[in-house]
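Listed here are the chains, written in short residue letters.
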Amino acid sequence: MAELVDAVGLKPAAAPAACEFDSHPGHGSSALSTPLQVGPPATTVAVDGPYEYPYPSPELAAAHPFVEYAFERHSDEEMAERARAFRKESERRRSIRLFSPDPVPRELVEEAVLAASTAPSGAHKQPWTFVGTRDPAVKAAIRAAAEEEERINYLENRMNDEWLEALAPLGTDHHKEFLEVAPWIVVLFEQRFEQRPDGTTRKNYYVKESTGIAAGMFIAAIHRMGLATLTHTPTPMAFLRRLLGRPDNERPFVMFPIGFPLHGARVPDLRRKSLDEVFVEVDPPG
């Protein structure tokens with residue numbers, strides 16, 4: 001689900017549709033809801049491999065649609081080359097706090113949302129909504145509300161000393177000018193439960209885990225296309241649901257200012273953990 005907000009409070013809370021960006025003046029509307037197609041319709045076939053209970057079972061395949069997964073296997077050498085290239089590109093990703101005001105085409109934001117929406121989710125519920133705006137009035141309202149919450153966090157002791165000490169090397173404070181300068185703000189909302197058009201509700205599963213994976217894929221897509229972003233979470237974030245007119249079942253998860261880095265922008269000289277610090281292989285016991 002993705003929506004474009006053009007002015008403060010003008011997007012009414014409504015039951016979510018499939019996945020769409022509202023049209024914006026000067027831009028054609030783009031339907032983002034497309035059925036998942038990865039191959040021809042599947043039939044019940046024998047599956048090679050060491051499985052006593054292959055998936056799907058004949059009963060499941062008869063009751064629900066399945067398609068054959070169209071997978072292309074690469075050589076070990078090509079896989080290693082692709083892995084190294086992705087890792088090296090990922091190593092260049094940084095969180096940016098000085099954005100250029102240069103415009104970013106809406107199509108790029110849409111593509112990032114589409115990429116993020118391929119994320120796995122509990123029971124394939126896809127419990128997220130990406131809400132984007134480039135309207136100056138909306139961005140100004142978001143900045144004002146975010147800075148008020150952050151002022152309390154930083155200056156009125158809502159953040160404890162340990163938290164402030166951890167943030168000290170980053171030099172962050174309650175000033176959030178980038179929320180107005182960046183050409184886009186995209187807020188990712190988690191859908192706590194599903195609201196149906198008839199007014200009934202259905203439970204969503206693993207909402208935070210699913211939305212978190214989608215957030216990571218969104219960041220990777222933004223970086224891959226040559227843009228920059230920042231994960232901004234001005235706790236508490238309830239004001240975002242009010243300003244962006246979202247329904248009761250949605251809760252702000254993270255906010256992304258998006259744009260090009262300002263020329264000469266600087267970032268903290270940080271060290272990332274080594275492989276030995278983040279990866280452990282478990283050998284057989286004994």
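Our structure is the block above this text.
Below or above, wherever it landed, is the structure these notes cover. As the structure is a computational prediction, the values presented were derived from the model and not from experiment. (Residues numbered from 1 in each chain as written. Predicted model: local features only at pLDDT ≥ 70, side-chain atom pairs only at ≥ 80, totals over all residues. Heavy atoms only, no water.)

1. Focus: the side chain of H223
Okay, so step 1: With respect to the helices and strands, the residue H223 is situated in helix α7 (residues 207-224).
Okay, so step 2: In this structure H223 comes out as buried when scored by relative accessible area, which is 18%.
Okay, so step 3: Contact partners of H223, with chain neighbours within four places excluded, come to E89, R92 and R93. (Helix = DSSP H or I, 4+ residues; strand = E, 2+ residues; numbered from the N terminus. Buried < 20%, exposed > 50% of the residue type's maximum accessible area, 1.4 Å probe, protein only. Contact = heavy atoms within 4.5 Å.)

2. Here's the deal with the packing of helix α3 (residues 106-116) against α7
Okay, so step 1: Close contact between α3 and α7 brings their axes to 8 Å; oriented N to C, the two are set at 140°. In this view, α3 runs oblique relative to α7, as classed from their interaxial angle. Considering how the two elements wind past one another, α3 and α7 form a crossing that is right-handed. Mapping the contact onto sequence places V109, A112, V113, A115 and A116 in α3 and A214, M217, F218, A221 and I222 in α7.
Okay, so step 2: Partitioned by chemical class, the residues of the contact of α3 with α7 number ten nonpolar, no polar and no charged. (Axes fitted to C-alpha atoms, helices over the stretch in contact; angles between N-to-C directions. Parallel < 35°, antiparallel > 145°, perpendicular 65-115°, else oblique. Left-handed = near helix turned anticlockwise from the far one by under 90°. Nonpolar A, V, L, I, M, F, W, Y, C, P; charged D, E, K, R; others polar.)

3. Regarding the environment of A144
Okay, so step 1: By the element assignment, A144 lies in helix α4 (residues 136-155).
Okay, so step 2: Sequence separation of A144 and E177 is 33 residues, and the distance between their C-alpha atoms is 9.5 Å.

4. A word on the side chain of S210
Okay, so step 1: Looking at the secondary structure, you find S210 in helix α7.
Okay, so step 2: A polar contact of 3.0 Å, which involves the side chain of S210, links it to the backbone nitrogen of G122.
Okay, so step 3: Contacts of S210, omitting those with residues within four sequence positions, involve P120, S121, G122, P127, W128 and Y205. (Polar contact = N/O pair within 3.5 Å; in protein donor to acceptor, adjacent residues only side chain to side chain.)

5. Side note on the pattern of salt bridges
Should the charged atoms of two oppositely charged side chains come close, the side chains can pair.
Okay, so step 1: Tallied over the full model, the rule gives 17 salt bridges.
Okay, so step 2: In this structure, the salt-bridge partner of E147 is R143, at a minimum N-O distance of 3.1 Å. Of this pair, E147 and R143 are both found in helix α4, four residues apart, which corresponds to roughly one turn of the helix.
Okay, so step 3: E149 is the partner of R158 in a salt bridge, and the nearest nitrogen-oxygen pair spans 2.6 Å.
Okay, so step 4: A residue is classified by how much of its surface remains accessible, and R158, at 36% relative accessible area, is partly exposed.
Okay, so step 5: Assessed through its relative accessible area of 18%, E149 is described here as buried. (Salt bridge = Lys/Arg side-chain N within 4 Å of Asp/Glu carboxyl O.)

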